[in-house]
Number of protein chains: 2
Amino acid sequence: MNNLSASLEDYLEIICNLLETSQSVKAVEIAKKLNISRASVSEALMKLAEKDLIIYEGHKGITITPTGLKKAQEVILKHKTLTTFFENTLGLNNTIAEENACKIEHVISDEVFFRIKTFQEYCEKNKNFIEDFKKGHKNTSHE
Amino acid sequence: MNNLSASLEDYLEIICNLLETSQSVKAVEIAKKLNISRASVSEALMKLAEKDLIIYEGHKGITITPTGLKKAQEVILKHKTLTTFFENTLGLNNTIAEENACKIEHVISDEVFFRIKTFQEYCEKNKNFIEDFKKGHKNTSHE
DNA sequence: ATTAATTGTAAGGCATGCCTAACTATTTGT
DNA sequence: ACAAATAGTTAGGCATGCCTTACAATTAAT
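Predicted model only: the values in this text are computed from it and were never measured.

What follows covers helix α5 (residues 94-104) of chain B. All names here are of chain B. For α5, the full list of buried residues reads I96, A97, N100, A101 and I104. End-on, the buried residues of α5 take up no more than an arc of 125°, which puts them together on one face. The N-cap residue of α5 is N93: its side-chain oxygen and the backbone nitrogen of T95 are 3.0 Å apart.

Structure follows, in C-alpha cells:
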C-alpha cells in the first residue's frame, strides 16, 4: 500500500511544480493541467491525502507534506535527468524528450535511473564523443 | 482501438517467444510464465484474437498472425535493445536490465527507441569510452 | 446581502486487468 | 472405453482510474 501508481506520482509531481510559483494549489488547476475532470482530481487528491503525502482541505487548497515533497522530488529528479539525457546526449528534441521522460520516470528502477544519471554526467564531460554521435542526427534534434 | 496495452503487448511477446521452440502455444504455458490464472490468460487471448493478432482455438493452441508477428517483433526488438544498452553500455546486471526493459519497452516512443539503438551501436564501436565509464561501477555490473 | 460564477464532491458508469470458484471440454493412461 | 488429469471458459468480484451529471460549498461581483 506504500507504492504510488504512475497516476498518483503524476499528481504529486504537478502539485510540487505548481507549489513553486504559488503558496497553495487548487484542484481545478490540476484538472486543467492534466486535462481531466475535476471529479477525477478530487478522487486522486483524497488518495494522496490518505497516504499523508498532501494536506487537502477542499476550497482552501493543497499543501504538500515532507514525505510527499520527498517523493515528488524523486520523481521530478527522474523526469529532469531523463529529459536531459534524451536531449543532450541522444540529441532528441524537447517535446519527445519530455513525453518519454514523463512515462519512463514511473517505471524505471532506482538502479537504472542513477546509472543513467551518472552516465549522462560522464557524457557531459566528454562532449566530443557525443558531438560525433549527434552529427548523424541533425534532423530530429533541431526541428 | 488499435493500440495495445502494456499487458497485451506482454502476452504477444511471450507467445512469440514460445512459438520459437514449439509449433503452437497453449494458454496454460502463458499462465505459468506470467504467474497469473488461466482465466486471466483466457480473457487476454480473446482480446488478442479479436484484434486479429493471434488465432486462438482453445485446446488446439495459439498461432500468431502476420500482423501479430510484426507487432511482437517490434516489442521484442525494443526489449532486446534496451536490455543490451543497460547491460553493455551502462554496465548493469542482467536481472535489473531485463526487469527495466520489460517495463520501458511498453512506454518508450519509436523515436527514442531508435535513437537509443543507434547510440548503443555507436558505443559498441567505442569500447574505450564505455570501459572508462564502467570502471566506476564494478559493484553492480558483476555481482 | 444576494446572485452568479467558480470550485469541489457524490453517485453511478465504463474499461482494463487481475482474482477465485465452479463448470465444461479435451487429452491421457490403463 | 472410461476415469482421471489437464486445459479452457464463465461468472462474479475487486482495484484503479477515468468519465458525466447533478448537487453543494465557496468566492466574487454588484
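There's more to say after this.
This part is about empty space enclosed by the protein. Evaluation of the coordinates by the stated rule reveals two cavities of 30 Å³ or more. Taken as a whole, the largest cavity holds about 70 Å³ of empty space. Taken together, L82, F85, F86, I104 and I116 of chain A together with L82, F85, F86, I104, I108 and I116 of chain B form the lining of the largest cavity. Residue classes in the lining of the largest cavity are distributed as eleven nonpolar, no polar and no charged. Volume-wise, the second largest cavity comes out at about 50 Å³. Forming the boundary of the second largest cavity are N88, T89, Q120, C123, E124, K127, I130, E131 and K134 of chain B. When residues in the lining of the second largest cavity are grouped by element, the largest group, four residues, is from helix α7 (residues 127-134) of chain B. Grouping the constituent residues of the lining of the second largest cavity by class yields two nonpolar, three polar and four charged.

Surveying the vicinity of DNA strand C reveals 21 residues, the closest of which are V28, R38 and S42 of chain A together with S5 and S40 of chain B. Protein-adjacent atoms of DNA strand C, using a 4 Å cutoff, are sugar or phosphate at a proportion of 60%. A distance of 2.5 Å separates a phosphate oxygen of DNA strand C from a polar side-chain atom of S42 of chain A. A distance of 3.5 Å separates a sugar or linking oxygen of DNA strand C from a polar atom in the side chain of H59 of chain A. Mapped by element, the contributors of at least two residues to the surface near DNA strand C are α2 (27-34) and α3 (38-50) of chain A together with α1 (6-19) and α3 (38-50) of chain B.

Let us look at the nonpolar core. One finds F86 and F119 of chain A together with F86 and F119 of chain B to be the most contacted residues of the largest nonpolar core, which totals 38 residues. Put simply, the parts of the chain that give this core at least two residues each are α4 (66-89), α5 (94-104), α6 (110-124) and α7 (127-134) of chain A together with α4 (66-89), α5, α6 (110-124) and α7 of chain B. With residues near it in sequence (within four places) discarded, F86 of chain B still touches V112 of chain A together with G91, L92, A97, N100, A101 and I104 of chain B. Residues C16, I30, A31 and L53 of chain A belong to the second largest nonpolar core, which totals 23 residues.

Bringing the interface of chain B and chain A into the picture now. The interface is formed by 28 residues belonging to chain B together with 28 residues belonging to chain A. Summed over both sides, the interface between chain B and chain A buries roughly 2600 Å², with carbon and sulfur atoms accounting for 76% of that surface. Where chain B touches chain A, the interface holds zero salt bridges. Inspection of the region where chain B meets chain A yields ten residue pairs in polar contact (both at pLDDT 80 or more). The set of elements that each furnish at least two residues to the side of chain B that touches chain A consists of α4, α5, α6 and α7 of chain B.

Take the packing of α4 of chain A against α7 of chain A next. Residues and elements named next belong to chain A. At a closest axis distance of 10 Å, the pairing of α4 and α7 adopts a crossing angle of 70°. Classified by the angle their axes make, α4 and α7 are roughly perpendicular. Residue-level inspection shows E87, N88 and T89 of α4 in contact with α7, the latter providing I130, F133 and K134. Residue composition of the contact of α4 with α7, grouped by class: two nonpolar, two polar and two charged.

Turning to the pattern of salt bridges, a few remarks are in order. In a structure, side chains of opposite charge can pair up when their charged atoms sit close to one another. All names here are of chain A. In the structure shown here, the tally under the stated rule is 15 salt bridges over all chains. Its salt-bridge partner being E74, residue K71 comes within 3.9 Å of it at the nearest N-O pair. Separated by three residues within a single helix, K71 and E74 lie in helix α4, roughly one turn from each other. For K78, the salt bridge goes to D110, with nearest N and O atoms at 3.2 Å. Of the two residues, K78 is situated in helix α4 and D110 in helix α6; the sequence distance between them amounts to 32 residues. Residue K78 is classed as buried on the basis of its relative accessible area, which comes to 12%.

A few words now on the protein's contact with DNA strand D. Near DNA strand D you find 21 residues, and of these S5 and S40 of chain A together with V28, R38 and S42 of chain B are the closest. Side-chain polar atom of Y11 of chain A to a phosphate oxygen of DNA strand D: 3.0 Å apart, as the coordinates give it. Separating a base oxygen of DNA strand D from a side-chain N or O atom of R38 of chain B is a distance of 2.6 Å. Elements with a contribution of two residues or more to the surface near DNA strand D: α1 (6-19) and α3 of chain A together with α2 (27-34) and α3 of chain B. Among the residues making up the surface near DNA strand D, the classes are represented as eight nonpolar, nine polar and four charged.

Parameters at a glance
- Residues numbered from 1 in each chain as written.
- Chains lettered and ligands numbered in written order.
- Predicted model: local features only at pLDDT ≥ 70, side-chain atom pairs only at ≥ 80, totals over all residues.
- Heavy atoms only, no water.
- Buried < 20%, exposed > 50% of the residue type's maximum accessible area, 1.4 Å probe, protein only.
- Helix = DSSP H or I, 4+ residues; strand = E, 2+ residues; numbered from the N terminus.
- Arc of directions from axis to C-beta.
- Polar contact = N/O pair within 3.5 Å; in protein donor to acceptor, adjacent residues only side chain to side chain.
- 1 Å grid on protein atoms, 1.4 Å probe; cavity = no way out; pocket = protein on both sides within 12 Å on 5 of 7 lines; lining within 4 Å.
- Points joined across faces, edges and corners; volume = space filled by probe spheres on them.
- Nonpolar A, V, L, I, M, F, W, Y, C, P; charged D, E, K, R; others polar.
- Near = heavy atom within 4 Å.
- Core = buried A, V, L, I, M, F, W, Y, C linked by side-chain atoms within 4.5 Å.
- Contact = heavy atoms within 4.5 Å.
- Buried area = accessible area lost by both parts, 1.4 Å probe.
- Salt bridge = Lys/Arg side-chain N within 4 Å of Asp/Glu carboxyl O.
- Axes fitted to C-alpha atoms, helices over the stretch in contact; angles between N-to-C directions.
- Parallel < 35°, antiparallel > 145°, perpendicular 65-115°, else oblique.

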